[in-house]
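Topology and contacts: notes
Here are the chains, one letter per residue:
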Amino acid sequence: MAGTNLLTLLDDITTLLDDIATMSKVATKKTAGVLGDDLALNAQQVTGVTADRELPVVWAVAKGSFLNKAILVPAALLISVWVPWLITPLLMVGGLFLCFEGAEKLVEKLLPATKNDDVDAVENLDLVEYEKQKVKGAIRTDFILSAEIIVITLGTVAGASLLNQALVLSVIAVIMTIGVYGLVAGIVKLDDAGLYLLNQAQQTGNRFKALLGKGLLAAAPRLMAFLAFAGTVAMFLVGGGILVHGISVLHHWQTAVAEFALANLGTLGEIIAPLLFDGLLGVLAGAIAVLVHHGIVSMKAKKPAK
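The paragraphs below set out a description of the structure included in this document. (Residues numbered from 1 in each chain as written. Predicted model: local features only at pLDDT ≥ 70, side-chain atom pairs only at ≥ 80, totals over all residues. Heavy atoms only, no water.)

**Remarks on the nonpolar core**
Stated precisely, the cut-off is as follows: We define the nonpolar core as a collection of buried residues of types Ala, Val, Leu, Ile, Met, Phe, Trp, Tyr and Cys that are connected through side-chain atoms lying within 4.5 Å of one another. Accessible area is worked out with a 1.4 Å probe on protein chains only. A residue is then buried under 20% of its type maximum, exposed over 50%, and partly exposed in between. Only runs of H or I of at least four residues qualify as helices and only runs of E of at least two qualify as strands under DSSP, and these elements are numbered from the N terminus. Residue contacts are defined here by distance: any two heavy atoms, one from each residue, within 4.5 Å place the two residues in contact.
Residues Val-73, Leu-98, Ile-150, Leu-154, Leu-169 and Leu-243 are the most contacted members of the largest nonpolar core, which totals 26 residues. Elements with a minimum of two residues in this core: α2 (54-82), α3 (87-110), α5 (127-156), α6 (162-188), α8 (207-246) and α10 (267-302). Not counting the four nearest positions on each side in its chain, Leu-154 is found in contact with Ala-76, Leu-77, Ser-80, Ile-87, Gln-165 and Leu-169. Within the second largest apolar cluster, 19 residues are counted, among which are Val-61, Ala-62, Ile-172 and Val-180.

Here it is in structure tokens:
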């Protein structure tokens, strides 16, 4: 009897693990786009840090990301059980904040006065404080993207039991964090790898290592510059996409644009049109948010002290 019960238990566990693996694969596919944005944004966040501090900064952000997941996973489960209507408004606030951050980065690049002010502020900062600010900004951005990924995953497993939901969310959270920050660590150390290969080539005379080392050294700054650009674009795409999916009118407009693009440009148009719609909406929402923010700051600055 005991042996039969043990076999039954093992069978139940195997079935449970199989279900979790299947649902995790589906959730991973649905969140792959956001994971790409997460990678670009987090690689961008560590630019400007000295070479010897790159990996410690990535590790600090990764620890913050794990803490984010430790907060978000149980919070998402509780919200889905008790106040499921709250998920969309919270996501939209996060999406608007991403648009705001993206617009602020554009303002810094387009307005020399603002950029110079920021450069002066950075120069006056202690390096330790500058690093702390970079880490805080990266963790804050990770929190918003992680929240979206977890909510997408939660929607994928909505019909499963609470235990299965919790396990799938945990699996996705761990895989996402290790994968993203492992890749970020590899990207930021490309130049060190190139320098190592060049040193090895000088000692051994290996021409292949020399060419590969030079290629990595040449590619590393260009890749980081691209990721900085891609990170800003991702803020608008992800933020705009969150707003579109949360506001039914915007979702209908996006669908109409996609249908028009399909009729006139074919399948490629159907793929590109929603992305352009999300991106332009993100830019517009971010610009409005920046104007409102600066207006409030200006009003507070002009307000006489009591």
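**Some thoughts on helix α7 (residues 190-204)**
Rules: Expected span, for any helix, means 1.5 Å times one less than how many residues it has. The arc under discussion is defined with respect to the helix axis, by the directions toward the C-beta atoms.
Counted at 1.5 Å a residue, the expected span for α7 with its 15 residues is 21 Å, and the 21 Å between its end C-alpha atoms agrees. Among all positions in α7, only Gly-194, Leu-197, Leu-198 and Ala-201 are buried. Down the axis of α7, the buried set is contained in an arc of 100 degrees. They therefore lie on one face. Structural note: α7 exposes Tyr-196 and Gln-203 on the side pointing more than 90 degrees away from its buried face. Contacts made by the buried residues of α7 are with α8. Once α7 finishes, Gly-205 follows within two positions and takes phi at roughly 75 degrees, a positive value.

**Some words on the packing of aromatic side chains**
A ring pair, where both rings are aromatic, is described by two values, the distance of the centres and the angle of the planes. Operational definition: Note on aromatic pairs: the rings of Phe, Tyr and Trp (six-membered ring only in Trp) are paired at centre separations within 6.5 Å, and the planes decide the class, stacked below 30 degrees, edge-to-face beyond 60, tilted for the rest.
A complete count under the given rule lists one aromatic pair for this structure. When the centroid spacing of 6.1 Å and the interplanar angle of 35 degrees are considered together, the rings of Phe-97 and Phe-100 count as tilted. Of this pair, Phe-97 and Phe-100 both sit in helix α3, three residues apart, roughly one helical turn. Since its relative accessible area comes to 28%, Phe-97 is described here as partly exposed. You can call Phe-100 buried: its relative accessible area is 13%.

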